[in-house]
Structures are given as structure tokens and as C-alpha cells.
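# An overview of the molecular structure
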Amino acid sequence: MGHHKLEIRYGPSVWKGFKLSSTVYQTIHWKDVVESSFGHKALYLFAKAGYQIVDILPLFLIVKPILGKKLIATPYEACYGSYISEDPEIWKALTEEAIRYARKEKVKYLEIRSFRRLRELEEMGFIVRNPFLYSIVPLKGIEENWKMLSKKHRRNVRLAEKRGVLVERATRLEEVREFYRILAENYRDFGTPIFRRGFLENIWERLSPEGLVTLLLAKREGQIIGGHLLLHSRDTLISKYSACRKRFLKLYPFYALYWWAIKVGIEQNLSYFNLGTTHKENTGLIDFKTRWGAENRPVYFYYYPIKGKVPKLESYFNSFSLAKALWRRTPPNPITFFIGYKITEWIC
């Protein structure tokens, strides 16, 4: 590929004709979700060959008092929020422009996340870390994918049905809010702060009209006991968030929700189901995902230091173990919710 003129644009006309070849994270709809939910400033870099857009690097400037600034592609996503072309020359051109902007803004560091190793970035001086894995299932057909499940997973899917768990698609905003309440309970049990409810509401309201999101609800006797939020991105169905109420886990609602997600992907003629990222040390969750027929692959986090040190992602799961325990034991109240929201605005 020859010379690529890079332009920084913010208007919706820039995305015209590009939607079908991009991931959900390169769309103007996701840009609007993040900006309206967290206040982060979007800076989407476009690589153009003549009049044709050939790639997009969706950057967000994160600014917080005391903590400083950082530039990330892309917050709230690990796998698909960077380059979509297959041309290393384009990656390099976009990255050089991103570095220039990062220096202009005097950020601590530039961070680029990817599901594939980008040796070109390593050659440019980026520090690479990969403490996470993502799990991906090929979608081949109902019968073939059923056979890919482990014997235990097939049994638990059947048990969920026998115990009265039904799965339906959400159609109303109030159902999204109920799912958020369940998700917040799960986050508290894990000792993890949760983002504002508006994030899920914005995902629903801005992505639903475009056919980019599905919320599956697990119900028993009409009561919502769990949910699974899915994003539709090119040829891949992405498991974004899933949660179930603890007292109903013996009904195996997670198994019903994940099997339904696989069926949704197959019905829509998608090629893959991404079950999300997991820390390498979380062997139990990795095993759960593998038993759906998933292959586990590394996720790469690239850092280019500008005016500060890059974070040690590995320490999040060790150094903060005491903080997580305290968070689990702290009764929910407006102060802890506010603190949690602020944490999720920075650690994103």
C-alpha cells in the first residue's frame, strides 16, 4: 500500500460506507456510547488511500485529576479495538500519528490492544504485555457445535431446561436495567467496582437500532434470574457481559445462556463466538470456556511511554486482593457507588 493520508474527523459522514467492513468498536455508535457514558474524548484516526478509508484506529483520551492522562485504543474492550486492515504499513502510519498526538497531549502513555501480535509496534519501541487470554468458538452449526461441548456442559444445558430455565431476548429498557442490577451484584461478589448503569443503557439504546446488540435473559417462572449481553461485530458474536443471581445457580442458568448465545450466532450466519477475556491465572473460568469448544489465545496490550510509567496489569490481580476483599464486605451505598464509578472511568 502506498502513502496514506491520515485525517482526524469527528462527524458522522466519515463513517458512511464503512460500517460493514469495521468492527462494532470502529463505528460512530460505539464512539457515542463511550463518550456519553464516561466523558472520554474520542479521537478516531482514519487511514485513507485516495478517497477510500482503509483502516480506523479508535483512540480515546482518558483524563482524570491527579491520575493524569492516557490515550487508549480501545477502552472497555481488549480484542477488537485497534486495526482492522491486514497491512502492517497502514498500522505503522496510524501508530506514528497516534504517538504524535500522545506527545502533544503529554499523556502518561499510549496503549493499543489487539487480539493478534503486532511485531511492528514492538519494533517501534512499544512494551508488550499479555496476561489475558480470549476464548473463541468456531460456529459450524447446531449439531456440530453441540458435539463440541463437553459431556458435562451438555448435561448442564439439559438440566437448566428441565429445571424450568427459559431464555428470551430482551425487548425493553427496563429489562436492561434489571440485568444491570444482577450484574452489579456479581461485581460486588467478585470485589470489583462496576460502571454506571448508563453505560449499558447507552449500549442498548444506540446499538439496538443498528442490530449490533442482543440481550438474552434467563427466566424462571417469569422472573429474570440472569442475562447475557452480546455484541455483533463483523463475523463474530462477542460475549460482553453475563451474570446470574447467586441463589439460582443450581438451576444452571449460565449454561442455558451460553448455549443460546451460540445458537444466536449460528442463526445469524456468524463465524465465531468470542467468549471474552480471562486472566491466565483464572484457570477455572478458562476451563469453563474451553468446554464450549473454545480455543484460548493471548491478548496483546501494547504500551508506548510518553511522560510516565506503564501499568503492570499482572499486579491488578495480586496487589489489590486485599482491596477486593474489603470491597466485597463494604455495604453498597452512594459513596461506594460513586467511588466505583470513578475507578471504572480510569481503569477501563
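The sections below set out a description of the structure shown in this document. (Residues numbered from 1 in each chain as written. Predicted model: local features only at pLDDT ≥ 70, side-chain atom pairs only at ≥ 80, totals over all residues. Heavy atoms only, no water.)

We now examine the side chain of lysine 219. Checked against the element boundaries, lysine 219 lands in strand β8 (residues 213–220). On the basis of relative accessible area, lysine 219 is assigned to the buried category, the value being 14%. Among the polar contacts listed, one links the side chain of lysine 219 to the side chain of glutamate 168, at a separation of 3.0 Å. Setting aside residues up to four positions removed in sequence, lysine 219 forms contacts with Gly164, Val165, Leu166, Glu168, Glu175, Ile224 and Ile225. (Helix = DSSP H or I, 4+ residues; strand = E, 2+ residues; numbered from the N terminus. Buried < 20%, exposed > 50% of the residue type's maximum accessible area, 1.4 Å probe, protein only. Polar contact = N/O pair within 3.5 Å; in protein donor to acceptor, adjacent residues only side chain to side chain. Contact = heavy atoms within 4.5 Å.)

Here the focus is a nonpolar patch on the surface. On the surface, Ile335, Phe338, Ile339, Ile343 and Ile347 cluster together into a nonpolar patch covering about 450 Å² of accessible area. The exposure class of isoleucine 335 is exposed, given its relative accessible area of 60%. (Patch = residues over 30% accessible without salt bridge, like charges linked within 9 Å, V, L, I, M, F, W, Y side chains within 5 Å. Areas by Shrake-Rupley, 256 points an atom, 1.4 Å probe, with all protein chains shown as cover. Salt bridge = Lys/Arg side-chain N within 4 Å of Asp/Glu carboxyl O.)

Taken N-terminus to C-terminus, the directions of helix α5 (residues 151–162) and helix α8 (residues 253–267) make an angle of 105°; their axes are 8 Å apart at the nearest point. With respect to their mutual orientation, α5 and α8 come out roughly perpendicular. For the pair α5 and α8, the contacting residues are His153, Asn156, Val157 and Ala160 in the first and Tyr255, Ala256 and Trp259 in the second. Taken together, the residues that form the contact of α5 with α8 break down as five nonpolar, two polar and no charged. (Axes fitted to C-alpha atoms, helices over the stretch in contact; angles between N-to-C directions. Parallel < 35°, antiparallel > 145°, perpendicular 65-115°, else oblique. Nonpolar A, V, L, I, M, F, W, Y, C, P; charged D, E, K, R; others polar.)

For strand β10 (residues 236–244), the tally of buried residues reaches eight of nine residues, placing the bulk of the element in the interior. In terms of strand pairing, strand β9 (residues 223–233) meets β10 through eight bridges, oriented antiparallel. Of the residues in β10, the one forming a bridge with serine 233 is threonine 236. Hairpin connection between β9 and β10: a loop of two residues separates the two successive antiparallel strands, and arginine 234 in this loop has a positive phi of roughly 55°. For β10 and strand β11 (residues 272–279), the ladder comprises three bridges, and the chain directions are parallel. By the bridge assignment for β11, threonine 236 is matched with tyrosine 272. For the handedness criterion, the β-α-β arrangement of β10, α8 and β11 is classed as right-handed. (Pairing = 2+ DSSP bridges. Right-handed = clockwise from strand over helix to strand, strands pointing away.)

Bringing unusual backbone geometry into the picture now. In this chain, alanine 73 is followed by threonine 74 through a cis amide linkage whose omega measures 0°. Note on placement: threonine 74 falls in the loop between β4 (68–73) and α2 (88–105). In this model, glutamate 221 sits at a positive phi of 55°, which is unusual for a non-glycine residue. Relative to the helices and strands, glutamate 221 is located in the loop between β8 and β9. One non-glycine residue, tyrosine 252, adopts positive backbone phi at about 60°.

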